[in-house]
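Structure at a glance
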Amino acid sequence: MAYKRQIDRLPIIPAGAKKHNVVCHYCIVGCGYHAYTWPANKQGGTAPDQNAFAADLSKQQAPETTAWYSPSMYNIVKQDGEDVHIVIKPDHDCVVNSGLGSIRGARMAEMSYSEARSTQQQRLIRPMVWRYGQMQPTSWDDALDLVARVTAQVIKEQGEDGLFVSAFDHGGAGGGYENTWGTGKLYFGAMKIKNIRIHNRPAYNSEVHATRDMGVGELNNCYEDAELADTIVAVGTNALETQTNYFLNHWVPNLRGTSLDKKKKEIPDEPHEEGRIVIVDPRRTVTVNACETEAGKDRVMHLAINSGTDLALFNAWLTYIADQGWTDKDFIEKSTVDFDKAVTGNKTSLEEAAKITGLTVDQIKQSAAWIAEPKDGKRRRTMFSYEKGLIWGNDNYRTNAALVNVALATGNIGREGGGCVRMGGHQEGYVRPSDAHVGRPAAYVDKLLLEGKGGVHHIWACDHYKTTLNAHRFKQNYKKRTDLVKDAMSAVPWGDRTALVNAIMDAIHKGGLFSVDVDIVPTQIGQASHVWLPAATSGEMNLTSMNGERRMRLTERYMDPPGDALPDCLIAARIANNLERVIREGGDEKYADQFKGFDWKTDEDAFMDGYHANAGGGEFVTYERLRAMGTNGFQEPATDFKDGKIVGTKRLFTDGKFGAKDGKAHFMEAQWRGLQAPGKDEQKKKFKYLINNGRTNHIWQSAYLDQENELVMDRWPFPFIQINPDDMAELGVKEGDLVEVYNDDGSTQAMVYPTPTAKKGETFMDFANPTGVVGNVINDGVNELILPNYKQTWADIRKISDAPAVTRGVTFKSPEYSAG
Amino acid sequence: MKRCNKLAEVGRRQFLTGAVIAAAAMPAVALLPEKARAAGSARVEYPSNRLANIADLKPNEPLEVSYPDEDAPGVLLKLGKKVSGGAGPDGDIVGFTTICPHKGFPLSYNASDNSFNCQGHYSRFDAESGGQEIWGHATQNLPQYTLRVDDKGDIYAEGLDELLYGRLSNVL
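Read on for an overview of the structure. (Residues numbered from 1 in each chain as written. Chains lettered and ligands numbered in written order. Predicted model: local features only at pLDDT ≥ 70, side-chain atom pairs only at ≥ 80, totals over all residues. Heavy atoms only, no water.)

On to the overall build of chain A. Per the secondary structure count, chain A includes 26 helices and 29 strands. At 26 Å, chain A has a C-alpha radius of gyration in line with the 28 Å of a compact globule built from 820 residues. If one aligns the C-alpha atoms of chain A with their principal axes, the spans along those axes are about 80 × 70 × 60 Å. Looking at the 820 residues of chain A, the share that counts as buried comes to 68%. Nonlocal contacts in chain A, meaning residues at least 24 apart in sequence, comprise 76% of its contacts between residues at least 6 apart. Total accessible area computed for chain A in this model is approximately 27,400 Å², and 48% of it derives from carbon and sulfur atoms. One finds the centroid of the 96 positive side-chain charges in chain A at a distance of 1 Å from the centroid of its 108 negative side-chain charges. (Helix = DSSP H or I, 4+ residues; strand = E, 2+ residues; numbered from the N terminus. Rg over C-alpha atoms; globule rule 2.2 N^0.38 Å. Buried < 20%, exposed > 50% of the residue type's maximum accessible area, 1.4 Å probe, protein only. Contact = heavy atoms within 4.5 Å. Areas by Shrake-Rupley, 256 points an atom, 1.4 Å probe, with all protein chains shown as cover. Lys, Arg positive; Asp, Glu negative; His and termini not counted. Charge placed at Lys NZ, Arg CZ, Asp CG, Glu CD.)

Structure, rendered in structure tokens:
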């Protein structure tokens, strides 16, 4: 039986309810919402003068109405200590989403902490410490004193390299400019921490380093470009599921042909048609299906390449496009260097590429024509987009470069209907002191931890147990190291701080690790930690971020953080204050002085100290100005403040000047070298099934909130593995059965989801799921910049359980829309 | 979707009566702000509306109905196998709204896999699994009718299990 809320009416938002600007804190797209709040003992009415919409709510509202909200958009939360009703509903006037809400974002209210309605009771509401053999509640002062004393002692003994840090670097929940600055100022300002990694990878590095080295920042266009392009190229991005409303609100109009008028108006001197799309993905996704539904199969090319062979395809495109003379010679001449070098170095024939990718020569030729063949003598406008299929795939650096080469060769950066952009995961929100000391390549932090390095580990909204490679071994080892410290702590009374710190340090000398976890919920890695510090999330604090077209907005604080939780920026500041205090006590005045400058009282203090004072154009940006800019905000960088508005930048590189030191964009040599990461070839030879992996629509990220949401858990009680029915027959498994996925690196489990469109031998598993971590079977091979390859993973599969009872209510039908 | 207009009209006349009663009952409370008193029940009063007779249903062919009033289109289906929320002697009769709970677009029924599909944004719901959203954007599974079938084979809808799109009270 499908989960039903049995809700047959909702409280009506009264006229005069408080209205707050909100940006969805989940994915990169950053859809605009408003949060309405009003006192618990009040309600609006159906008459137009009684509700916030001035609508007659005694009548059925039309499709796409502004005057409706679903039960998931409603909750009761605390605001300034009082219970209030809250509705968080999509904003129809936001240019990003035009009123659309995804299955993730439109549950923000339901996913908020509510005492009255018992939602998200998993939230951490007070500091907890390992005491008397279990996690026990304590005060901020008590917890922070211990963190500071152990951290300071480890630094004293091992230097700052003994402090390991795992920290978000993005926007939205578990990030934002305030919080990346807070943590950044602590670890890169007060200290120079080298052993630091980011939430989804084992080192501190860019996911798209090549494009940056080429002088082409990865978020260089605007969402409107997807409406203006002649052709969209989508590489390793399943946009309908992972950037949902960007796809629905900006790609679909082009594929449907409803943006034709806009094309004619904005780009008047050339012919226009409905958009075409080239999708590079070994797997048929719902995105492919939706594109075919909208544009017709004849305007959609799905290039279902052999997994991990993107690079060969891109080099063949470059070679063929150059041979045909379809390049933008003027642009190449004026704005770039090394074109000839790249064309020569990357030369790949159609036949070679066909052999490597599994495509036909005709498919490669035709897709190249869709990308670059002039239209009635005019340059074709093509937008290139890519995400985790490329980023977490084979030979990241070179593959990224090879795609940017094609975009540059065809003059598609800085122009309407163009761009070469990552699609993004989280929103962005990075402003920190320089990270130059981290070095290149950065330290492989998870490997160092596994090898016993470091004495103390600060974790900020990261969960290695779910989101690293070689996760099975990592977990085993991390548990051993942190258990050493737990046992030592249990052997001394808590109240004797000197004895406690000495016991912890003794354990560290024996290979132990002291672990501090800052998060909004208990995490899996947190099970091993000794201190949990409760953080606030977006909406419980004021939070700024930018989306995939660099659109910056302020989410206004609309509710209280649960219990004693604090914004991350203030937690970082309080850690700094405590470190300063204990280091000064220890007599090192000079080092203690480095921890000055953390006297922030509010999120706005951190914003002004960070973004306002340090970001490019930050001097034009304040909370007050952002509030007035609403959910449309402005596109970074800000260039001015004029007529009461922050002036932004719609597209980057429109003047043909690029980010390299010489002001040019640099083509890059990027030769094909097969499966690059160590261990991949061997795994492929030895194990039968490709375990491709990624996201699904219902679930946000690692399900850290969804694991407590009935709608999601009803649909996905277990992580799925999509398997071709012929493979299922060979394995002797049925829908809903639980299978073990195993290889020499580890093992994990998943629920069988029959998928006729899956290629035989190629499965697809939910990524980072709490009850089936695909990272367990991903080997530790990385690229030259320590970027993981999660996608090209091979393993064997065997049944471990018949379908559990809970799966009987689960549908196993195709996700593909079909009107029949 | 195949329609059976004649039967739909019969159904419409039947439940209009119920809808009028419900509509009249609701505002009576709201119009008395001066005399504060408990505003009726915690849940809405659903009308019991005869939507059709079993004999009107053909296997796996949707019969257009409306519930709880004529502005709330839906369908009855005889799926031919016992399913979640199924009524009737074979436990195979189900009723669902056909307004997508995401943005209010009309759903169409795909008889080949017993799914409701939204042409607006590609959401899909499974008629055989209580309207579970197979894939899509709605934050609810598809609102399903609570059905009762009497001795004569008349099918009555008597409730809904989720909020309908476009109304903040299922009974207006």
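Attention shifts here to a negative patch on the surface. Residues and elements named next belong to chain A. The grouping of D599, E604, D605 and E624 at the surface amounts to a negative patch. Within the element layout of this structure, D605 appears in helix 22 (residues 603-614). You can call D605 partly exposed: its relative accessible area is 31%. (Patch = residues over 30% accessible without salt bridge, like charges linked within 9 Å, V, L, I, M, F, W, Y side chains within 5 Å. Salt bridge = Lys/Arg side-chain N within 4 Å of Asp/Glu carboxyl O.)

Turning our attention to the interface of chain B and chain A. Facing the 56 residues of chain B at the interface are 61 residues of chain A. Summed over both sides, the interface of chain B with chain A buries roughly 4,700 Å², with 50% coming from carbon and sulfur. Here chain B and chain A share 5 salt bridges between them. The closest approach of N and O atoms between K4 of chain A and D161 of chain B, which form a salt bridge, is 3.0 Å. Our enumeration of links across chain B and chain A arrives at 41 residue pairs in polar contact (both at pLDDT 80 or more). (Buried area = accessible area lost by both parts, 1.4 Å probe. Polar contact = N/O pair within 3.5 Å; in protein donor to acceptor, adjacent residues only side chain to side chain.)

Under the definition given, this model contains 33 aromatic pairs over all chains. Sitting over the face of the ring of F764 of chain A, R283 of chain A holds its NZ or CZ atom 3.4 Å from the ring centroid. The residue whose ring lies beneath R148 of chain B is Y156 of chain B, and the NZ or CZ to ring-centre distance is 4.5 Å. (Phe/Tyr/Trp six-rings, centres within 6.5 Å; stacked < 30°, edge-to-face > 60°. Lys NZ or Arg CZ within 6 Å of the ring centre and 35° of its normal.)

Turning our attention to helix 12 (residues 350-357) of chain A. For an α-helix, 3.6 residues make a turn, and residues three or four places apart therefore share a direction. Residue and element names in this part refer to chain A. Restricting attention to buried positions, one finds in helix 12 the residues L350, A353, A354 and T357. Taken around the axis of helix 12, the buried residues stretch over an arc of 105 degrees, which confines them to a single face. Turned more than 90 degrees off the buried face of helix 12, the exposed positions are E351 and K355. Where helix 12 is buried, its residues touch helix 9 (310-324) and helix 13 (361-372). Within two residues after helix 12, G358 carries a phi angle of roughly 85 degrees, on the positive side. (Arc of directions from axis to C-beta.)

All names here are of chain A. Closest axis-to-axis distance for the helix 9/helix 13 pair is 10 Å, and the angle between their directions is 65 degrees. The angle between the axes of helix 9 and helix 13 places the two elements in the roughly perpendicular class. Classified by chirality, the crossing of helix 13 by helix 9 is right-handed. Taken together, the residues of helix 13 that come into contact with helix 9 (itself represented by L313, A316, W317, Y320 and I321) are I364, K365, S367, A368, I371 and A372. (Axes fitted to C-alpha atoms, helices over the stretch in contact; angles between N-to-C directions. Parallel < 35°, antiparallel > 145°, perpendicular 65-115°, else oblique. Left-handed = near helix turned anticlockwise from the far one by under 90°.)

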